[in-house]
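Topology and contacts: notes
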Amino acid sequence: MQMDFDTVVEQTIAFVKETLAQAEAGHDWFHIERVYKTALNINAEENGDLLTVTLAALLHDIADSKFNNGDEEIGPLTAGNFLRGLSISADVILHVQQIIRNLSYKSSLSGVSFQSPELDIVQDADRLDAIGAIGIARAFTYGGFKNRTMYDPAIPSMPNQSKEAYKNSTAPTINHFYEKLLLLKDLMKTSAGKRLAQQRHDFMLLYLDQFYAEWEGR
């Protein structure tokens, strides 16, 4: 018998907090919480299935492949195993797994065969957390975690990368703006996502102008 909605959310949050207790700061519980809140705000306009949006937002990074030796199935598998323990319906579990499987930017580089309004909502929420002020902070946090150079004028950005090239990149963090972050605005699917992305995109452009000025000692 499936639990009531509030209990499902409460238990899912507890599971995510425990699982991600030692996660890298850009992919920790606070990232999940921001994506969850943003997804709910977008869903208020888009009217997707609330249970699916909620579970997918909370579980979307439960086992990110980049922290699990590139295993792209460990996230959907972990989420499915957990949700079956809550007696969530098989249809909802499969939908949540498909969202997790197709959510990331790198997944889109190889072509996505699955689509749903709920995927659009959670994907926009996740991409919004990758841009703007928090997106900048997350980019440099991850760059520091991987011991990457902040910026090297001798290493050009490589936009329009293949999925493999993107996954294997060790480029400076500033390059990531041109290889992903500045591209996300035009990939938003929902009206709310597009509106919020424009503000955050503009902030990143201002930041880059300031960064280059300071780099040159101006």
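Above this text sits the structure in question.
Remember, predicted model here, so these are calculated numbers, not experimental data.

Cut-offs applied
- Residues numbered from 1 in each chain as written.
- Predicted model: local features only at pLDDT ≥ 70, side-chain atom pairs only at ≥ 80, totals over all residues.
- Heavy atoms only, no water.
- Salt bridge = Lys/Arg side-chain N within 4 Å of Asp/Glu carboxyl O.
- Phe/Tyr/Trp six-rings, centres within 6.5 Å; stacked < 30°, edge-to-face > 60°.
- Helix = DSSP H or I, 4+ residues; strand = E, 2+ residues; numbered from the N terminus.
- Buried < 20%, exposed > 50% of the residue type's maximum accessible area, 1.4 Å probe, protein only.
- Core = buried A, V, L, I, M, F, W, Y, C linked by side-chain atoms within 4.5 Å.
- Contact = heavy atoms within 4.5 Å.
- Polar contact = N/O pair within 3.5 Å; in protein donor to acceptor, adjacent residues only side chain to side chain.
- Axes fitted to C-alpha atoms, helices over the stretch in contact; angles between N-to-C directions.
- Parallel < 35°, antiparallel > 145°, perpendicular 65-115°, else oblique.
- Left-handed = near helix turned anticlockwise from the far one by under 90°.
- Nonpolar A, V, L, I, M, F, W, Y, C, P; charged D, E, K, R; others polar.

Moving on: the pattern of salt bridges. Taken as a whole, this structure holds seven salt bridges when the rule is applied. Three or more residues are tied together by salt bridges with common partners; here these are Arg 34, Asp 129 and Arg 138.

This part is about the packing of aromatic side chains. Counting across every chain of the model gives 11 aromatic pairs. Aromatic pair Phe 211 and Trp 215: ring centres 5.7 Å apart, planes at 20°, arrangement stacked. Of the two residues, Phe 211 and Trp 215 both sit in helix H11 (residues 191–215), four residues apart, roughly one turn of that helix. In this structure Phe 211 comes out as buried when scored by relative accessible area, which is 11%. Three or more aromatic residues link up through ring pairs in this structure, and these residues are Phe 140, Tyr 151, Phe 177, Tyr 207, Phe 211, Tyr 212 and Trp 215.

What follows is about the nonpolar core. In terms of nonpolar packing, the biggest core is built from 55 residues, with Leu 55, Leu 59, Leu 83, Ile 88, Ile 131 and Phe 177 touching the most fellow members. If you tally residues by element for this core, the top one is helix H3 (residues 50–59), at seven residues. The residues touching Leu 55, leaving out its near neighbours within four places in the chain, are Val 8, Thr 12, Leu 83, Ile 88, Val 92 and Val 96.

To continue, consider the side chain of His 201. Relative to the helices and strands, His 201 resides in helix H11. By relative accessible area, which is 10% here, His 201 ends up buried. Apart from the residues within four sequence positions on either side, His 201 is in contact with Leu 182 and Lys 185.

We now examine the environment of Arg 84. One can find Arg 84 in helix H4 (residues 74–85). Sequence separation between Arg 84 and Ala 165 is 81 residues, and the spatial gap between their C-alpha atoms is 35 Å. Within the structure, Arg 84 has its side chain in polar contact with the side chain of Asn 81 (distance 2.9 Å).

Another aspect to go through is the packing of H4 against helix H5 (residues 90–102). Close contact between H4 and H5 brings their axes to 9 Å; oriented N to C, the two are set at 155°. Between H4 and H5, the angle falls in the class roughly antiparallel. In this structure, the crossing between H4 and H5 has a hand that is right-handed. Taken together, the residues of H5 that come into contact with H4 (itself represented by Gly 75, Pro 76, Leu 77, Ala 79, Gly 80, Leu 83 and Arg 84) are Ile 93, Val 96, Gln 97, Ile 100 and Arg 101. Grouping the amino acids of the contact of H4 with H5 by side-chain chemistry returns seven nonpolar, three polar and two charged.

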